[in-house]
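So you can see what is in the structure, the chains are spelled out below.
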Amino acid sequence: MRVKVGLAQIYPKLGDVEHNLRLHLDMIRRARADAVDLLVFPELSLTGYQVQDLVPEVALRVYRDDLVFAELLAASADIDIVVGFVHEDARNRFYIANAYLSAGELVHLHHKLYLPTYAMFDESRYFAQGNSVRAFDTRFGRVGMLICEDFWHVSPPYLLWLDGADILILNSSSPSRGLNESDRLMGARWVEQVNQAYGGMFTSYILHCNRVGYEDGKNFGGGSSVVDPDGEFMTRGLYFDEALITQEIDLNQLHRTRARLPLLRDERPGLVRRELGRILRESLG
């Protein structure tokens, strides 16, 4: 089975959900015209990243009668979409969230697990932590979603791999940091290395969409990419520029890679569970 993936490397306008919705709908139209099957937007694509005290004003409820979600659900009638936003739950807690939409329905909602609060980041001041990581079924097979810092910890992608995900979707709002001798952004190079490592180690497809633009003195570099189950780049997006990046992936590659390198077959989650239990007991004792 072949799937055409689109990475919507956009420049959201901070705090302007209406503007960003129009930007999403325009990118969805472009992707549909290019026969894209699955379109991934960056982290907090509907709000911008530095929302801070604007969080309650820009937060959305995932209801069909929400005007923003109603339009996105309608747009997903014939193309699967991953969007990033601030989610307000029934008890008025706010989360950095991803929604996977398909055939006019919400298929899966993911809350960001790890909230960076160091250096230039201050997320835990404004958001609650997510508390679950689950793979889910789509028309392309089983998929897992993670948001930015979630992917820099090995446990969430590992759990999604064990939960049956063959496609790992990562979106981010990662600021750019410096150039190295090869003219690759140093911060982006680290992310690229992690994406390649997870693609090869988990013998899965890695789809990464990062935003571009400026907010409060921060520059977001883009560099969105697709990594195959052998850990090789299929495409790497441009730095700094808005773009619709497309790449066809062949899900039969999963079979070919895993027949050659049966890491999933030989994985021992029972061993991990036993030893992790021991480590936790010892740390509490």
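Residues numbered from 1 in each chain as written. Predicted model: local features only at pLDDT ≥ 70, side-chain atom pairs only at ≥ 80, totals over all residues. Heavy atoms only, no water.

Colleague: How should the sheet that holds strand E5 (residues 105-111) be read in this particular structure?
Modeller: Sheet strands line up and pair through hydrogen bonds in the backbone, either parallel or antiparallel. With respect to topology, 6 strands assemble into an open sheet ordered E5-E4-E3-E2-E1-E14, the strand pairing being mixed. The strands lining the two open edges of the sheet, one partner per strand, are E5 and strand E14 (243-250). Averaged over all pairs of adjacent strands, the angle between their axes in this sheet comes to 25 degrees, without regard to strand direction. Bridge count between strand E3 (residues 80-88) and strand E4 (residues 94-102): 8 bridges; the pairing is antiparallel. Note on E4: the bridge partner recorded for His 87 is Tyr 95. (Pairing = 2+ DSSP bridges. Helix = DSSP H or I, 4+ residues; strand = E, 2+ residues; numbered from the N terminus. Axes fitted to C-alpha atoms, helices over the stretch in contact; angles between N-to-C directions.)

Colleague: It is not clear to me how the packing of helix H1 (residues 17-33) against helix H3 (residues 67-75) should be interpreted in this structure. Could you clarify?
Modeller: Two measures define how a pair of helices packs: the angle their axes make with one another and the distance between the axes. Contact geometry of H1 with H3 gives a least axis separation of 11 Å together with a crossing angle of 0 degrees. Judged by the angle between their axes, H1 and H3 are roughly parallel. Where H1 approaches H3, its residues Val 17, Leu 21, His 24, Leu 25, Ile 28 and Arg 32 are matched on the opposing element by Val 68, Glu 71, Leu 72 and Ala 75. Per-class residue counts for the contact of H1 with H3 are 7 nonpolar, 1 polar and 2 charged. (Parallel < 35°, antiparallel > 145°, perpendicular 65-115°, else oblique. Contact = heavy atoms within 4.5 Å. Nonpolar A, V, L, I, M, F, W, Y, C, P; charged D, E, K, R; others polar.)

Colleague: Please explain the packing of aromatic side chains as it appears in this structure.
Modeller: A full pass over the atoms with the stated rule returns 12 aromatic pairs. Geometrically, the ring pair formed by Tyr 158 and Phe 202 is tilted, given 6.4 Å between the ring centres and 45 degrees between the ring planes. On the criterion of sequence distance, the pair formed by Tyr 158 in helix H4 (residues 155-162) and Phe 202 in the loop between helix H5 (186-201) and strand E9 (205-210) is long-range, its members being 44 residues apart. Comparing Tyr 158 with Phe 202, the two get one shared label, buried. (Phe/Tyr/Trp six-rings, centres within 6.5 Å; stacked < 30°, edge-to-face > 60°. Buried < 20%, exposed > 50% of the residue type's maximum accessible area, 1.4 Å probe, protein only.)

Colleague: Could you clarify how one ought to interpret H3 in this entry?
Modeller: Two residues of an α-helix separated by three or four positions point the same way, owing to the 3.6 residues in each turn. Residues of H3 that are buried include every one of Val 68, Phe 69, Leu 72, Leu 73 and Ala 75, and no others. Along the axis of H3, the buried residues cluster in a sector spanning 160 degrees; they form a single face. Facing away from the buried side of H3 by over 90 degrees, the exposed positions are Leu 67 and Ala 74. The residue sitting at the N-terminus of H3 and contributing the capping side-chain oxygen is Asp 66; that oxygen lies 3.0 Å from the backbone nitrogen of Val 68. (Arc of directions from axis to C-beta. Polar contact = N/O pair within 3.5 Å; in protein donor to acceptor, adjacent residues only side chain to side chain.)

Colleague: I tried to follow the sheet that holds strand E13 (residues 233-236) on my own but got confused; where do I start?
Modeller: Strands sit in the order E6-E7-E8-E9-E12-E13 across an open sheet of 6 strands; the sheet is mixed. With one partner strand each, in any of the chains shown, strand E6 (136-138) and E13 form the two edges of the open sheet. Looking at each pair of strands side by side, their axes are set apart by 20 degrees on average, direction ignored. As paired strands, strand E7 (residues 141-147) and strand E8 (residues 167-172) are joined by 5 bridges and run parallel to one another. If you follow Met 145 over to E8, its bridge partner there is Ile 169. The strands that H4 touches are E7 and E8; relative to E7, the one it contacts most, it runs at about 170 degrees.

Colleague: I keep staring at a nonpolar patch on the surface and nothing clicks. Help me out?
Modeller: A grouping of Val 272, Leu 276, Ile 279 and Leu 280 is seen on the molecular surface, where their side chains present a nonpolar patch of about 330 Å² in accessible area. Checked against the element boundaries, Leu 276 lands in helix H8 (residues 269-284). Given a relative accessible area of 45%, Leu 276 falls into the partly exposed group. (Patch = residues over 30% accessible without salt bridge, like charges linked within 9 Å, V, L, I, M, F, W, Y side chains within 5 Å. Areas by Shrake-Rupley, 256 points an atom, 1.4 Å probe, with all protein chains shown as cover. Salt bridge = Lys/Arg side-chain N within 4 Å of Asp/Glu carboxyl O.)

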